[in-house]
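# Summary of the model geometry
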Amino acid sequence: MSRGFRQLLDAVVRIDVREVAFEAGTRRYSASIGSGVILSADGVVLTNAHVASPRAIELNITLANLERVTARLVGWDHWTDLAVLRIDMAEVKRRGFKLSPARFGDSQTLFPGEVVYAVGTPHGLTRTVTRGIVSNNNRYFEDTRGIGGFETGAFNTWLQTDAAINPGNSGGPLVTEDGRVVGISSRGYMGANNLGFAIPAATAKTVMERLVRDGVIVRSYVGLVPGALQDLENFYALAINTGVLVNSVDPGSPAAKGGLRGGDIILSIGGLKVDGRFPEQLPPIQNLIASHPVGTELNLSVKRGAEIRNFKVVTEMLESRVGEEWALEKWGLSVRKVSRAYARENQFDDTTGVVVIGVQPGFPGDVAGIARGDVILKINQEAISSLDVLRAAHTAYEAKAMPTLLETQRNRRVSLTILKP
Amino acid sequence: MTSWRRPALALSLFLPILLRGAVDLPTLWAERVKSTVAVEYVTETEIARQPTIAMGTVVDEKGTIILPSGAIDPRAATWQLKDFKVFLPGSAESTAAAYLGQDAFTGWHFVRADEKLWAQLKPVTAFVREGAARSLALADPVWGIGLRPKEEDFMPYFLQSSVALVQALPRRTGIAQQEVAAPGLPVFDRDGNLAGLAVAAFGQSYLQFNRSGRAAPVILMNVEESSAFLLAEDMLPFLGRIPKNISGRPLAWLGAYGLEPMDREVAKFLKLQSTSGAVISEVLEGSPAEKAGLKPRDIILAIDRQPLPRLKPERVVVAFIEREIERRSPGVALLITVLRGTEQIECQTILGEEPKLIREADRRHFDRLGLTGREFVYGDAIERRVKSAEPSGVVVHYVKPSSPVAVAGLRLDDWIREIDGMETKQFSSAVEQLAAIEKDASRSEFVLLVGRGGETAVLRVKLN
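This structure is a prediction, so every number in the text was calculated from the model and none was measured. (Residues numbered from 1 in each chain as written. Chains lettered and ligands numbered in written order. Predicted model: local features only at pLDDT ≥ 70, side-chain atom pairs only at ≥ 80, totals over all residues.)

### A short note on the overall build of chain A
- Looking only at helices and strands, chain A features eight helices and 29 strands.
- For 421 residues, the compact-globule estimate of 2.2 N^0.38 gives 22 Å, and the C-alpha radius of gyration of chain A, at 24 Å, lies within 12% of that figure.
- A separation threshold of at least 6 residues defines the contact pool for chain A, and within that pool the share at least 24 residues apart is 61%. (Helix = DSSP H or I, 4+ residues; strand = E, 2+ residues; numbered from the N terminus. Rg over C-alpha atoms; globule rule 2.2 N^0.38 Å. Contact = placed C-beta atoms within 7 Å.)

### Things to note about the overall build of chain B
- Summing up its helical and strand segments, chain B has eight helices and 29 strands in all.
- Overall size of chain B, expressed as C-alpha extent along the three principal axes, is 110 × 65 × 60 Å.
- A separation threshold of at least 6 residues defines the contact pool for chain B, and within that pool the share at least 24 residues apart is 61%.

### Considering the sheet that holds strand β7 (residues 141-147) of chain B
Residues and elements named next belong to chain B.
- Around the barrel, which closes on itself, the six strands sit in the order β7-β8-β9-β14-β11-β10 with antiparallel pairing between neighbours. The sheet shows a mean angle of 40° between the axes of neighbouring strands, direction not considered.
- As paired strands, β7 and strand β8 (residues 156-168) are joined by seven bridges and run antiparallel to one another. If you follow V142 over to β8, its bridge partner there is S161. (Pairing = 2+ DSSP bridges. Axes fitted to C-alpha atoms, helices over the stretch in contact; angles between N-to-C directions.)

### Examining helix α3 (residues 201-214) of chain A
Residue and element names in this part refer to chain A.
- The end-to-end C-alpha separation of α3 is 19 Å, in line with the 20 Å expected for 14 residues at 1.5 Å each.
- Those residues of α3 that sit buried are A201, T203, A204, V207, M208 and L211. The arc enclosing the buried residues of α3, seen along the axis, measures out at 150°, which places them on a common side. Among the exposed residues of α3, those pointing more than 90 degrees away from its buried face are R213 and D214.
- Downstream of α3 by one or two residues, G215 has phi in the positive range, about 80°. (Expected span 1.5 Å × (residues − 1). Buried ≥ 20, exposed ≤ 12 C-beta atoms within 10 Å, placed from the backbone. Arc of directions from axis to C-beta.)

### Digging into the nonpolar core
- Counting 59 residues, the largest nonpolar core has A:V45, A:A52 and A:L85 as the members making the most contacts within it.
- Those residues in contact with A:A52, other than ones at most four positions away along the chain, are A:I15, A:V17, A:T47, A:L59, A:L73, A:W76, A:A83 and A:L85.
- In terms of nonpolar packing, the next biggest core, distinct from the first, is built from 53 residues, A:I266, A:V274, B:V377 and B:V399 among them. (Core = buried A, V, L, I, M, F, W, Y, C linked by C-beta atoms within 7 Å.)

Shown next as structure tokens:
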């Protein structure tokens, strides 16, 4: 083994996470194990968003010397399934440890067949190294609920490898023989053999730098769902390698407001020609839109039927469909704020309300007939514009339990119900 | 002296009742079986002819038969319903019949048997006792008729029970202790007077045990026999509601969508005490409700200043309001009192004509492509939350398995927005376009843009 590889082994960590979930009308705590890799001497650890999310309440890192230190979440980006942690450096210094960071390699030059190693903690088996090859260096897939219900995969392609990646490998590095980090192991196909996926270092490096700098990644959004043209060029009378097909336009989105619709072919975005012939070419196009500052007016050149038209679309900030969650424990209700994306998807007028994501049997919410999936719009005739409205009502109920009026909606049917003490 | 006379007095009081008890049930039964028939019809779809059998009651001298509302699938277009046939109980011979349509208010389907059968039928109205239809009392015996399956020649059989409960649902409904008649067939009192018409049975809760002794609750419904029946007083006045045409129109329409009952606790919270009510979820675009100024979240409290009755279960109030609309005709005024916020408001509405229903929508089948397209109607606009004035076009009504469109991923209820890049604004022009593609043997592919949920998808259909 190379010296670089031995050094890399010192940079791989095990991450023990305790996190809270607002399920079945209450707070539930659970523990899980993942992997990570130290990427700076001042304690930056890169891992998966599905390992360390804002739901984490305790993060412990096991170093190569088997000693445990604490860490905190710097930021996460479920879109690329990446999260950045910072090890408590005061503790590291006090206990006299020295961190040995790993270095990124170039994921762009990887070729199928190249030997790679996955290092991590599969099923809690600390410091496991598995070997395989790059099976595909440019795999495209999107998952709208992939990261604990959050969207992922729109802005990056993946490295596919046959190095064994099991639960617990998540967040660990995929490295070349010289110990350079070319990917962050993320997921495998359940029930398949040796189909593992990793986020390429090129994506990981950018996301990490921006999370370290800003704590968040802000992307622009216009609401276009692109589709690969494949061999529809003939049908649309397009020169080959030109344009991207609009498969769908999110209702109420900037693109919808701007007049775009499904079946349009986008030829250029902000003056830059786009080519979306194959699915693998879609993430860079999505990134092109996302990279503009929020509020940018984008000029889109669009082919519709025989004519070519220009559309102006003002970008807004990309948001997840998953809103903030909370448990109203006296009522036995877990709720999630209606997000802008959720509201549009379900054709609500606005983002008023919370979605019920769990009900505890026998509690007032259950007794009142509230079920998972219901949307609570008003409480005591006050519109639920934020979770705080509900929290305040819940606090008041905790102090003095009084009949409380809810306005709920289920499949567009509105009912009034009472939460009874 | 008085002591020995008492038994004699008692005897004279009981005697008439004993005499009445000696009713010749088999004779009454044989006579009344002539009011019952089995009706068979065929629902024709793109690939199949599905026969259905329902039980019906003869209501007049002209061979008019009523079938319960559930006898015909509400999604089926009237032209899909074919080959109506009437079977007399115990007979393998059938006589042709005509479908007359459904009455919106009662829900009954009307069928008329061919004239040659009329002499063998007996209208159930012949068994109405002179004078007002009396209400049945608790524990009164009631009996009715069931018909065996077709392979047993619809052999009639006797069912008997007693009245357990009479309830407004909102129609006055008698509930017997056991099954008393096949749904759609009449129920009689002990003297053979018409007591009512059996309706679909209620679900019965049972526990189902598996081998390991675990129990799971199940609801079972007897589809052949029912213990629930509509009382004669809530049936007889409506026997004449024979639809003027097969579509059952005119149909009164308010356009207040998604009525949900207001429960007792909510009424108390809103300081309405014992008032009954129903929340309006949505007010439909361009509807009479919208024109009258009704708003979503209004709580309906009264109709024509009559407070809504308190019914059990509470959701029955919704059926009550629907019936109040259905019993009226388009153009009739309806004064609706609602609670909006803390204010009671009266809205004068003029009922309108129900927009074209899905079952009335135009359809066209394309065998080579493998789909049936259906005209986009008002209900589609409501379901998809688009303005009904927006371009409409075609909704996919049927996809033939393994056909070109099925392989391309077209699904039932997809909304075809574009065909070969052309927007489908009208049903007629869209089906012409599809017909042209179907006819053109040289075509190897075409492209559809379809709407599904809030999204669209481009589908490429390969032909041959």
